[in-house]
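Descriptive structure summary
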Amino acid sequence: MSDLTESSKRPTVLLTGASGYVGGRLLPFLEQQSIRVRCMTRNPDKLRQSVGQSTQVVAGDVQDRDSLMRALEGVQTAYYFVHLMSNARDFEEQDRQAARCFGEAAKQTGVQRIIYLGGLGDDGDPKLSPHLRSRHEVGEILRQSSVETIEFRAGMVVGAGSLSFQLMKSLTDRLPVMICPRWLTTPTQAIAIQDVLDYLLAAKDSPQCGSGVYEIGSPDVVTYGGLIREYARQRGLRRHLVFVPILTPYLSGLWLALVTPAEYEVGRHLIEGLKNPTVVRNSNAMETFPVRPIGVSEAIGRAIAESQLAT
Ligand SMILES: NC(=O)c1ccc[n+]([C@@H]2O[C@H](COP(=O)([O-])OP(=O)(O)OC[C@H]3O[C@@H](n4cnc5c(N)ncnc54)[C@H](OP(=O)(O)O)[C@@H]3O)[C@@H](O)[C@H]2O)c1
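Please read all numbers here as calculations on a predicted model, not as lab measurements. (Residues numbered from 1 in each chain as written. Predicted model: local features only at pLDDT ≥ 70, side-chain atom pairs only at ≥ 80, totals over all residues. Heavy atoms only, no water.)

1. Let's talk about the pattern of salt bridges
For clarity, the cut-off: What makes a salt bridge here is a side-chain nitrogen of Lys or Arg within 4 Å of a carboxyl oxygen of Asp or Glu, nothing more. Numbering of helices and strands runs from the N terminus; a helix is a DSSP stretch of H or I covering at least four residues, while a strand is a stretch of E covering at least two. Note on exposure labels: buried denotes an accessible area under 20% of the residue type's maximum, exposed denotes more than 50%, and partly exposed covers the range between, all computed with a 1.4 Å probe on protein chains only.
This structure, assessed with the given rule, holds 18 salt bridges. Of the charged contacts in the structure, one is a salt bridge between Arg 96 and Glu 93, with a shortest N-O distance of 2.4 Å. Here Arg 96 and its partner Glu 93 are both found in helix α5 (residues 91-109), three residues apart, which amounts to about one turn of the helix. Relative accessible area serves as the criterion here: at 24%, Glu 93 is assigned to the partly exposed category. Through salt bridges that share partners, Asp 123, Arg 143, Glu 151 and Arg 153 make up one connected network.

2. Looking at the site of the ligand
Filter applied, for reference: Being near a molecule or strand, for a residue, means having at least one of its heavy atoms within 4 Å of it. Whenever two N or O atoms come within 3.5 Å, that pair is a polar contact, provided that in protein one can donate a hydrogen and the other can accept it, and provided that, for residues adjacent in sequence, both atoms are side-chain atoms. To be clear on the numbers: accessible area is Shrake-Rupley with a 1.4 Å probe, and residue cover counts the displayed protein chains and nothing else.
Taken together, 22 residues lie around the ligand, and Ser 19, Thr 41, Leu 117, Arg 135 and Ser 164 are the ones closest in. In this structure, Arg 135 approaches the ligand through a side-chain N or O atom, which is 2.6 Å from an oxygen atom. Contact distances for the ligand include 3.2 Å between an oxygen atom and a backbone N or O atom of Val 157. Expressed as a share of its isolated accessible area of 900 Å², the protein-covered part of the ligand is 86%.

3. Concerning the packing of helix α7 (residues 163-174) against helix α9 (residues 224-235)
Packed helix pairs are characterised by how far apart their axes lie and by the angle those axes make with each other. Let me state the cut-off plainly: In this analysis an axis means a line fitted to C-alpha atoms, helices contributing only their contacting stretch, and an angle means the value between N-to-C directions, from 0 to 180 degrees. Each angle is binned into one of four classes, with values under 35 degrees roughly parallel, values over 145 roughly antiparallel, values of 65 to 115 roughly perpendicular, and all other values oblique. Crossings are assigned a handedness: left-handed for a near helix turned anticlockwise from the far helix by less than a right angle, right-handed for a clockwise turn. Should any heavy atoms of two residues lie within 4.5 Å, those residues are counted as being in contact. In this classification, Asp, Glu, Lys and Arg are treated as charged, Ala, Val, Leu, Ile, Met, Phe, Trp, Tyr, Cys and Pro as nonpolar, and every other residue, Gly included, as polar.
Interhelical geometry of α7 versus α9 gives an angle of 60° and a closest axis separation of 10 Å. Between α7 and α9, the crossing angle belongs to the class labelled oblique. In the crossing of α7 with α9, the sense of the turn from one axis to the other is right-handed. For the pair α7 and α9, contact is made by Phe 165, Met 168, Lys 169, Thr 172 and Asp 173 and by Leu 227, Ile 228, Tyr 231, Ala 232 and Arg 235, respectively. Per-class residue counts for the contact of α7 with α9 are six nonpolar, one polar and three charged.

4. A short note on the sheet that holds strand β5 (residues 113-119)
Applied cut-off: Paired strands are those between which DSSP finds at least two bridges.
Strand order in this open sheet of seven strands is β3-β2-β1-β4-β5-β6-β11, and the pairing throughout is parallel. Only two strands of the sheet have a single partner each, and these edge strands are β3 (56-59) and β11 (212-216). Neighbour-to-neighbour, the strand axes of this sheet turn through a mean angle of 20°, independent of strand direction. Across five bridges, the pairing between strand β1 (residues 12-16) and strand β2 (residues 36-41) is parallel. Within β2, the position partnered with Leu 14 by the bridge is Arg 38.

5. Some points on helix α13 (residues 296-310)
Helical geometry: 3.6 residues make up each α-helical turn, so side chains three or four residues apart lie on a common side. Selection rule: The length a helix should cover is 1.5 Å for every residue beyond the first. What the arc covers is the set of directions going from the helix axis to the C-beta atoms.
For α13, with 15 residues, the first-to-last C-alpha span of 21 Å sits near the 21 Å given by 1.5 Å per residue. Within α13, the full set of buried residues consists of Val 296, Ala 299, Ile 300, Ala 303, Ile 304 and Ser 307. One face of α13 carries all of its buried residues, which in axial projection span an arc of 135°. Residues of α13 that are buried in the fold lie against β7 (157-158), α7, β10 (191-192), β12 (222-223) and α9.

As structure tokens, then:
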């Protein structure tokens, strides 16, 4: 059989968000598999420079229905790693419309499975931040398309290059004394990037089981303050955390001054979400997927090593 015939028999997987953190980290693993990988981006020329030779790059925007129909044509599994927080005031509405458009196009083109990574947080919490509320809503809309949707919900993804980890790192590296809102006592279950990737890869190959929501995290429930202290400990930094009851605009600005302008909007929404507990509340993911996440100290250690390699 010719190479061409052989390759045309392979299932096609669409990766959105390949220029972003999670998608960018997943891409090399997909490229090693016996599948055809197609990446969708708003800037194909830029992305083409960082993909393998056999990976197809197509122009597409989740807000443009026709481009989605083209990108999803012939696709079996589609990864949805898009959020519109960085460029939108009304990101909730835009994310809602984008998910609707993507779900409908996936249904019409015969996609068999959508795999989505959203955020942890309790749906029943009336004070859930707009960011987390929107992440959950996107999952719900994708499921409503009736295409089987596997939604993972994660807290902070610990890895060099992850914006939420980067925020914590920048703060701890630069501020010997941190004035912290009480939110830093909120419990959270961060997760190592490699464990996230293992879940995302396992979801592609798992037998059909209907749509589902899977909460994922390391086995350790810690506070954001605890994460900062552990990061500082591993880096040999002496840091003092001084807690204040509210995060004033001044304090918020102080924190955000440490991120780049491009990350400012996303950073603002992420910080708002720190007040919500982000913990794993059931064992669905552990029961369904053969992934056993590492502890948070080891995850931080790996991310520090990765950051040092990158500099
Ligand atoms: N990083 C974390 O710590 C973390 C934690 C929990 C959950 N998550 C979830 O994981 C997912 C991916 O997060 P990430 O950190 O990898 O995001 P990211 O680095 O900010 O990347 C976002 C991606 O969205 C794409 N995008 C934005 N607007 C688009 C549009 N109109 N049409 C098509 N694509 C668009 C961008 O692609 P182009 O610019 O190439 O078009 C970009 O690659 C999100 O759902 C996020 O909520 C992340």
